[in-house]
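Take a look at the letters that make up each chain.
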Amino acid sequence: MRKRKGRMTLALLLTAAMVLTMTPALAFAAGDSGGQVNRISGGNRYDTAAQTALGAYPNGAAAVIIARGDNEGQFADGLAASYLSAVKEAPILLTSPGSLPQETEDAVKKLKPDTAYILGGELAVSAAVAGKLKSLGLKVERLQGANRYATAAMIAAQGGKTDTALVVSGSAPADSLVAGPLASSEKRPILLVSKDSVPGETKQAIAGLNIKTIDVVGGETVVSKAVYEKLGASARYAGHDRIETSLEVAKNLFPAPQAFSIVGYLNLADAVGAAAYGDPIIYVKNSLAEVQPYLAGAATSSARFNIFGGPLAVNSAVADALQKLKLLGEIFTVVLDAGHGGTDPGAVSSVATGSLTEADLNEQQTRILGELLQGYGVNVVYTRDIIPERDNSISVSQDLQNRVDVANNLNADLFLSIHHNSFDGQSAHGVETYYCSSKLVAETVEPSILLAKNIVDSIAELGFYNRGHKDNIFMVTKYTTMPSVLIEAGFMSNDAEVLKVADKKMQLAIAQAIADTIIDFYNL
């Protein structure tokens, strides 16, 4: 969910057993379709963080950041570490509270820093750890506040005054850690809040650093609406779970990513160090299924996929799928356009469906079709997700041009506009499709005609009167530069037919008929 200002208790599984693997950092060659896949891992979380740091700073670093790495600490200080990493140009290393892990010590020796910044008080990172770092010849500076909120504010102050900041929950690290790469790449400080209040330390930091624009990462279960409004935030980026939240942040805050950080959704420790790479963090489970549509549409053939953690954290099936992933420009892309919308409702039904509008019915049918096509591996783009919502300031021609521009700018393979018909009286019924024989790109006319015929014939087999495929000069079919068809999937003005096409089972059947036609036509 993306929430704009003025427009539209998470219990984390941090006690899950930490994944152990002896797999070293390993690069995989690019597959036939996918980009380069690289796995960065070690024998445990501390080793993975060490390998991550060494990979990001192969020539060493003047400073290192030391953060608590066990689950019990909820990565509270690590949430803001990515900003300090950017400010100090320093990698992030993890430690246990009581002692410096050997893997971390070895990484320090290889990086050869002069300074170590310890995050948090001695309960988080003990005096023994600080002493060990000093014995390695490092100057040690501890950034410590009275609590996690104060520590985050202290870290934010290291970069001086700034216009923008990211605000996250101090007790929901899964959502919050996906903000890290943006803090690193754009040098935007991260400040913490509790679910229902803005701590004094955070308020002081906002005022003292002259912060004017705040983006919140995380849903209302971790940062309430009241807190969002009290902050005067500009936007909220959140999903129903941590995977969806990672996708929302990636989609909205990384417009043209060249690389992606792939992290196991239970292995939050790996996300701490991954933030320093500045690439969007994408959480995955045991397959690529939930994130594949996004990656296929966002990644280019030269994209890099960095997997953080061993095969038990991110399994080999995910790595294999990334290598075989059909990327942007290689995957078949369909732009689906739900006709009308916003202040333009289209036709309105007056029967038992209530005040059902054509715009709503178009949207329902379009989304069901899109989900089916995605299941076939098709990259689906919805015009309503991209174009401005129609209001009185947008003319009909501009609204239609916006829809055309979505398809043309994407260089899509197919454009479909979904509508439902209307006529005076009850007599008109049936389905029909439209193509344009005067399309600007002549070679797209013939496939448009064939698709229009095949689609209407396929839908008619569900028991609809076949009104045929017809030539007409609609803006969305004439000016799109790929094959395009406008579908009229029944009549809103016919009481019996509108009840039929509003039925969810029939909508699924219509969507399946259209999807099967496309798959067969293009041999997908």
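Every value quoted in this text rests on a predicted model; they were computed, and no experiment measured them.

1. Details of the overall build of the protein chain
Along the protein chain, the regular secondary structure elements total 19 helices and 20 strands. Principal-axis analysis of the C-alpha atoms gives the protein chain an extent of 90 × 50 × 40 Å. Looking at the 524 residues of the protein chain, the share that counts as buried comes to 57%. For the protein chain, the exposed area adds up to about 21,100 Å²; of that, 50% sits on carbon and sulfur atoms. In the protein chain, which carries 44 positive and 53 negative side-chain charges, the distance between the mean positions of the two groups comes to 8 Å.

2. A closer look at the sheet that holds strand S17 (residues 414–421)
Strand pairs in the sheet, formed through backbone hydrogen bonds, run parallel or antiparallel to each other. Reading across the sheet, the six strands line up as S16-S15-S17-S20-S18-S19 and stay open at both edges, with mixed pairing between neighbours. Edge positions in the sheet fall to strand S16 (379–382) and strand S19 (466–471), since each of these pairs with one other strand and no more. Geometrically, the sheet is characterised by an average inter-axis angle of 20° between neighbouring strands, direction not taken into account. Two elements, strand S15 (residues 333–338) and S17, share five bridges in a ladder whose sense is parallel.

3. Here's the deal with helix H18 (residues 495–502)
Structurally, the α-helix is built with 3.6 residues per turn, so residues lying three or four positions apart point the same way. Three or more residues of H18 are buried, namely Glu-497, Val-498 and Val-501. One face of H18 carries all of its buried residues, which in axial projection span an arc of 100°. In this structure, the buried residues of H18 make contact with helix H14 (358–375), S17, strand S20 (484–491) and helix H19 (504–522). The distance from a side-chain oxygen at the start of H18 to the backbone nitrogen of Ala-496 is 3.2 Å, and the residue carrying that oxygen is Asn-494.

4. Brief notes about the nonpolar core
Core analysis: the largest hydrophobic core is formed by 70 residues, its most contacted members being Phe-260, Ile-262, Tyr-283, Leu-295, Phe-305 and Leu-322. By size, the runner-up hydrophobic cluster in this structure holds 39 residues, among which are Ala-452, Ile-487, Met-492 and Ile-519.

5. As for the confidence of the model for the protein chain
Across the protein chain, pLDDT averages 88, with 91% of residues at or above 70. Per-residue pLDDT stays below 50 along residues 1–33; that stretch engages in 88 contacts with residues further than four places along the chain or on separate chains.

6. Digging into the packing of aromatic side chains
For the coordinates displayed, the defined rule picks out six aromatic pairs. A centroid spacing of 6.1 Å and a plane angle of 80° characterise the contact between Phe-260 and Tyr-294, whose relative ring orientation is edge-to-face. Note that Phe-260 is positioned in strand S12 (residues 259–264) and Tyr-294 in helix H12 (residues 292–298), a separation of 34 residues in sequence. We note that Phe-260, like Tyr-294, is buried. An angle of 50° between the planes, with centres 4.6 Å apart, marks the rings of Phe-332 and Tyr-522 as tilted. Separated by 190 residues along the polypeptide, Phe-332 in the loop between helix H13 (316–324) and S15 and Tyr-522 in helix H19 bring together distant segments of the chain. Residue Phe-332 is classed as buried on the basis of its relative accessible area of 14%.

7. Observations regarding the packing of helix H1 (residues 45–56) against helix H3 (residues 102–111)
At a minimum axis distance of 8 Å, the contact between H1 and H3 shows a crossing angle of 15°. One finds that H1 runs roughly parallel with respect to H3. The handedness of the crossing between H1 and H3 is left-handed. Taken together, the residues of H3 that come into contact with H1 (itself represented by Tyr-46, Asp-47, Ala-50, Ala-53 and Leu-54) are Glu-103, Thr-104, Ala-107, Lys-110 and Leu-111. Classifying every residue of the contact of H1 with H3 gives six nonpolar, one polar and three charged.

8. Here's the deal with the pattern of salt bridges
This structure, assessed with the given rule, holds 14 salt bridges. In this structure, the salt-bridge partner of Arg-467 is Glu-432, at a minimum N-O distance of 2.8 Å. Of this pair, Arg-467 sits in strand S19 while Glu-432 sits in strand S18 (residues 431–435), and the two are 35 residues apart along the sequence. Among the ionic pairs, Asp-457 bridges to Lys-453, the shortest N-O distance being 2.8 Å.

About the cut-offs
Just so you know, the residues in each chain are numbered from 1, in the order the chain's sequence is written. Whole-chain, interface and lining totals are the exception, using all residues; otherwise, since this is a predicted model, local features are given only for residues with pLDDT of at least 70 and side-chain atom pairs are given and counted only at 80 or more. Side-chain metrics in this entry use all non-hydrogen atoms of the structure; hydrogen atoms and water are not considered. Strands are runs of DSSP state E lasting at least two residues, helices are runs of H or I lasting at least four, and both sets are numbered from the N terminus onward. For every residue, the accessible area obtained with a 1.4 Å probe (protein chains only) is divided by the maximum for its type, and the residue is called buried under 20%, exposed over 50%, and partly exposed between those limits. Using a 1.4 Å probe, the Shrake-Rupley method yields the accessible areas, and only the shown protein chains count as cover for residues. When charges are counted, Lys and Arg contribute as positive and Asp and Glu as negative, whereas His and the chain ends are disregarded. By convention, the point assigned to a charge is CZ for Arg, NZ for Lys, CD for Glu and CG for Asp. By definition, two strands form a pair when at least two bridges between them are found by DSSP. Only C-alpha atoms enter the line fits that serve as axes; for helices the fit covers just the stretch in contact. Angles between N-to-C directions range over 0 to 180 degrees. What the arc covers is the set of directions going from the helix axis to the C-beta atoms. Here, residues are in contact when the closest pair of their heavy atoms is within 4.5 Å. Think of a polar contact as two N or O atoms within 3.5 Å of one another; within protein, one of them needs to be a possible hydrogen donor and the other a possible acceptor, and neighboring residues in sequence only count if both atoms come from side chains. Buried Ala, Val, Leu, Ile, Met, Phe, Trp, Tyr and Cys residues form a nonpolar core when they are joined through side-chain atoms within 4.5 Å. Note: pLDDT gives the predictor's confidence per residue, expressed from 0 to 100. Aromatic contacts are taken between Phe, Tyr and Trp rings whose centres are within 6.5 Å, Trp giving its six-membered ring; a plane angle under 30 degrees counts as stacked, one over 60 as edge-to-face, and the others as tilted. These descriptions rest on fixed angle ranges, namely under 35 degrees for roughly parallel, over 145 for roughly antiparallel, 65 to 115 for roughly perpendicular, and the rest for oblique. Put simply, a crossing is left-handed when the front helix is turned counterclockwise from the back one by less than a right angle, and right-handed when it is turned clockwise. Amino acids outside the nonpolar list (Ala, Val, Leu, Ile, Met, Phe, Trp, Tyr, Cys, Pro) and the charged list (Asp, Glu, Lys, Arg) are all regarded as polar, and Gly is one of them. Each salt bridge in this description consists of a side-chain nitrogen of Lys or Arg and a carboxyl oxygen of Asp or Glu lying within 4 Å of one another.

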